[in-house]
Amino acid sequence: MIRQRTCLGWIAFSLACLVIHPAYPEEPAGGKRDLTKADIDAMMKSLSNWGRWGKDDQRGTLNLITPAKQKAAVASVSDGVTVSLARAAIKQESDGSSAFEHQIVVLPKPGDEIAYAGDEFAVRYHGFSQTHLDGLCHLVYKGRMYNGFSQETLSAKGAAKLGVENFKNGIVTRAVLMDMPRHFGVRYLDGQRAIYPEDLEAWEKTSGVEVQSGDAVLIHTGRWARREAAGAWDVMQDSAGLHASCLPWLKRRDVAVIGSDLALDVLPSRVAGFPQPVHWVCIVAMGMPILDNCDFEKVSEEAASRKRWSFLLTVAPLDVEGATGSPVNPLATF
C-alpha cells in the first residue's frame with residue numbers, strides 16, 4: 001500500500017514540487033559510479049538476451065509480455081480514465097531536433113456541394129522532440145544489432161531484420177511510473193541529476209509498486225516542466241536521466257519496455273567515449289524497445305490524485321516494414 005499522508009503533508013509536498021531550482025539530497029552512495037567504456041562493453045555481454053528466445057527472435061523483451069501479463073494489465077483498469085503520454089507534434093523546433101511537417105494538400109473548392117480535405121505528414125521522428133518508439137534495428141554496436149543480426153541487413157530500403165513491423169500487434173502491459181520530481185519534491189530534475197538504482201528502489205518503497213517481469217518502466221524527469229520554466233537547452237550537455245549503473249537493475253527485473261520524457265540517458269552520460277550507454281545496452285544487448293520524448297505531466301497528476309503509480313499501457317506503432325521505429329501516441333488507462 002502507498003504510505004498515507006495527512007492533508008498538511010500533501011500541501012507541503014505540493015508546494016515543494018513547485019521549486020524551480022531544487023537543492024537535491026546528496027546522490028546515493030553504493031554501487032559503481034565511475035563506469036568506463038570497458039564496463040559498458042562488458043555489460044553488452046553480461047546483460048545480453050541474444051538467443052534467449054531463439055536465434056531468429058526479433059521481438060526481444062516484448063516476449064516477456066505474456067498473455068497472462070496482458071490480461072492482468074487490462075483487468076487492472078478500474079476508473080476507465082485514459083491519458084495520452086504523447087507530446088503534441090512539434091512543427092517549429094528551437095533545439096535542433098527534427099520538426100513535424102504537416103500541410104493540407106487538398107482543400108474544398110468554392111461552390112462544391114460535396115467536398116473533402118486531405119493532408120500529409122512528414123517527420124524524422126528520432127531525436128529529442130517527437131514522441132516515438134525506438135525499434136530494435138535502430139542501433140548498432142560493433143557491426144551487430146540485437147540477437148546478433150548484422151548491420152548489413154540495413155539498407156536505404158529498410159531493415160531486413162528487426163523492423164518495427166515485428167511490433168505491429170502493439171504493446172499492452174502494465175506500466176510503472178517512476179515519478180522522480182515528485183520523489184525528490186521538486187518541479188523538475190536539473191540537468192546534472194543522474195538517476196541511480198537506489199533512486200528507483202526508493203521510489204518503489206514510496207509508491208508501494210514493485211517493478212515486475214514484463215512491466216514497462218516510465219522515467220519522469222519533468223523535462224517539459226523544465227522547458228516551460230527555463231526554455232530550451234543543449235540536450236546532449238545538460239539533461240537528467242538514467243545512469244548506466246541502472247542497466248543491471250533493469251535486466252534483473254526483466255523490464256519489457258523502458259521510456260522517458262527525454263532520451264532516457266543522463267546527458268552527458270558520465271561514461272567517457274560512450275554518449276548514450278543506456279540506449280545502446282537496452283536496445284542492442286537486451287532487445288528492449290524504448291519510448292522517447294513522452295509527456296508525463298498529465299499522467300503524473302492523475303496518478304497522484306489516485307495515489308496509484310501503475311496503469312495499463314497501450315502502444316500501437318505503425319506497421320511500416322523495415323522501419324527503425326515509429327511515431328506513437330502511448331495511452332495510460334487507470
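Let me sum up the structure you'll find in this document. (Residues numbered from 1 in each chain as written. Predicted model: local features only at pLDDT ≥ 70, side-chain atom pairs only at ≥ 80, totals over all residues. Heavy atoms only, no water.)

## Let's talk about the overall build of the protein chain
Here's step 1: Along the backbone of the protein chain there are nine helices and 15 strands.
Here's step 2: Taking all 334 residues of the protein chain together, 53% fall into the buried category.
Here's step 3: Sequence separation of 24 or more characterises 79% of the internal contacts of the protein chain that already satisfy a separation of 6 or more.
Here's step 4: Accessible surface for the protein chain amounts to roughly 15300 Å². Of this, 54% is attributable to carbon and sulfur atoms. (Helix = DSSP H or I, 4+ residues; strand = E, 2+ residues; numbered from the N terminus. Buried < 20%, exposed > 50% of the residue type's maximum accessible area, 1.4 Å probe, protein only. Contact = heavy atoms within 4.5 Å. Areas by Shrake-Rupley, 256 points an atom, 1.4 Å probe, with all protein chains shown as cover.)

## Quick look at the pattern of salt bridges
Here's step 1: One pass over the full model with this rule turns up 15 salt bridges.
Here's step 2: Across the pair arginine 193 and aspartate 199 runs a salt bridge, and its minimum N-O distance is 3.5 Å. Of the two residues, arginine 193 and aspartate 199, both sit in the buried class.
Here's step 3: Glutamate 204 is the partner of arginine 253 in a salt bridge, and the nearest nitrogen-oxygen pair spans 2.5 Å. Here arginine 253, found in the loop between α7 (247–252) and β11 (257–260), pairs with glutamate 204, found in helix α5 (residues 197–207); they are 49 residues apart in sequence, far enough to count as distant. (Salt bridge = Lys/Arg side-chain N within 4 Å of Asp/Glu carboxyl O.)

## A few points about the environment of leucine 267
Here's step 1: Relative to the assigned elements, leucine 267 resides in the loop between β11 and α8 (277–286).
Here's step 2: It is 4.9 Å that separates the C-alpha atoms of leucine 267 and serine 239, two residues lying 28 residues apart in sequence.
Here's step 3: For leucine 267, the contacting residues outside a window of four places in its chain are Gly191, Val235, Met236, Gln237, Asp238, Ser239, Pro275 and Gln276.

## Some details on the packing of aromatic side chains
Here's step 1: Here the structure, examined in full by the defined rule, presents four aromatic pairs.
Here's step 2: Measuring from centroid to centroid gives 5.3 Å for phenylalanine 100 and phenylalanine 121, while their planes differ by 55°, and the two rings are tilted. In this pair, phenylalanine 100 is assigned in the loop between β1 (82–84) and β2 (101–106) and phenylalanine 121 in strand β3 (residues 118–122), connecting sequence segments 21 residues apart.
Here's step 3: Given a relative accessible area of 16%, phenylalanine 100 falls into the buried group.
Here's step 4: Between the aromatic rings of tryptophan 203 and tryptophan 309, the centroid separation amounts to 5.0 Å while the plane-to-plane angle is 80°, which identifies the pairing as edge-to-face. One end of the pair, tryptophan 203, is in helix α5; the other, tryptophan 309, is in the loop between α9 (297–306) and β13 (310–315), with 106 residues separating them in the sequence. Residue tryptophan 203 shares its accessibility class with tryptophan 309, and that shared class is buried.
Here's step 5: Residue placement shows arginine 223 over the ring face of tryptophan 224; its charged tip is 3.8 Å from the ring centre.
Here's step 6: One cation-aromatic arrangement involves arginine 226 over tryptophan 233; the distance from NZ or CZ to the ring centre is 3.7 Å. (Phe/Tyr/Trp six-rings, centres within 6.5 Å; stacked < 30°, edge-to-face > 60°. Lys NZ or Arg CZ within 6 Å of the ring centre and 35° of its normal.)

## Details of unusual backbone geometry
Here's step 1: Residue proline 268 follows leucine 267 across a cis peptide bond; omega there is 0°.
Here's step 2: Residue position: proline 268 is located in the loop between β11 and α8.
Here's step 3: Positive phi, normally seen in glycine, also occurs at aspartate 254, with a value near 55°.
Here's step 4: Relative to the helices and strands, aspartate 254 is located in the loop between α7 and β11.
Here's step 5: Owing to a relative accessible area of 17%, aspartate 254 belongs among the buried residues under this scheme.
Here's step 6: One non-glycine residue, arginine 270, adopts positive backbone phi at about 75°.
Here's step 7: Examined against the element boundaries, arginine 270 turns out to sit in the loop between β11 and α8.

## As for the nonpolar core
Here's step 1: Judged by nonpolar contacts, the single largest core of 77 residues is most densely connected at Leu242 and Ile258.
Here's step 2: Broken down by element, the residue count for this core peaks at seven residues, all from α8.
Here's step 3: Apart from residues no more than four positions distant in its own chain, leucine 242 is found in contact with Ile195, Leu200, Ile219, Leu250, Ile258, Leu264, Asp265, Val266 and Val278.
Here's step 4: One finds Trp233, Leu262, Ala263 and Leu267 within the second-largest nonpolar core, a separate group that totals six residues. (Core = buried A, V, L, I, M, F, W, Y, C linked by side-chain atoms within 4.5 Å.)

## Quick notes on the sheet that holds strand β15 (residues 331–333)
Here's step 1: Strands sit in the order β1-β15-β13-β7-β9-β11-β12-β4-β14 across an open sheet of nine strands; the sheet is mixed. Looking along the sheet, the strands with just one partner apiece sit at the ends: β1 and β14 (325–327). The mean inter-strand angle of the sheet, taken between neighbouring strand axes irrespective of direction, is 25°.
Here's step 2: Most of the contacts of α8 go to strand β12 (residues 290–292), to which it runs at about 140°, and overall it touches β4 (132–134), β11 and β12. (Pairing = 2+ DSSP bridges. Axes fitted to C-alpha atoms, helices over the stretch in contact; angles between N-to-C directions.)

## Thoughts on the packing of helix α2 (residues 37–46) against α8
Here's step 1: Running from N to C, α2 and α8 point in directions that differ by 20°, and their axes come no closer than 9 Å. When the interaxial angle is binned, α2 and α8 end up roughly parallel. Relative to α8, α2 is oriented so that their crossing is right-handed. Counting all contacts with α2, which are made through Ile40, Met43 and Met44, the residues of α8 involved are Pro277, Trp280, Val281, Val284 and Ala285.
Here's step 2: Its residues placed into classes, the contact of α2 with α8 shows eight nonpolar, no polar and no charged. (Parallel < 35°, antiparallel > 145°, perpendicular 65-115°, else oblique. Left-handed = near helix turned anticlockwise from the far one by under 90°. Nonpolar A, V, L, I, M, F, W, Y, C, P; charged D, E, K, R; others polar.)

## Overview of the side chain of serine 260
Here's step 1: Residue position: serine 260 is located in strand β11.
Here's step 2: For serine 260, a relative accessible area of 2% gives the class buried.
Here's step 3: Apart from the residues lying within four places of it in its own chain, the contact partners of serine 260 are Ile219, Leu291, Asp292, Asn293, Cys294 and Phe296.

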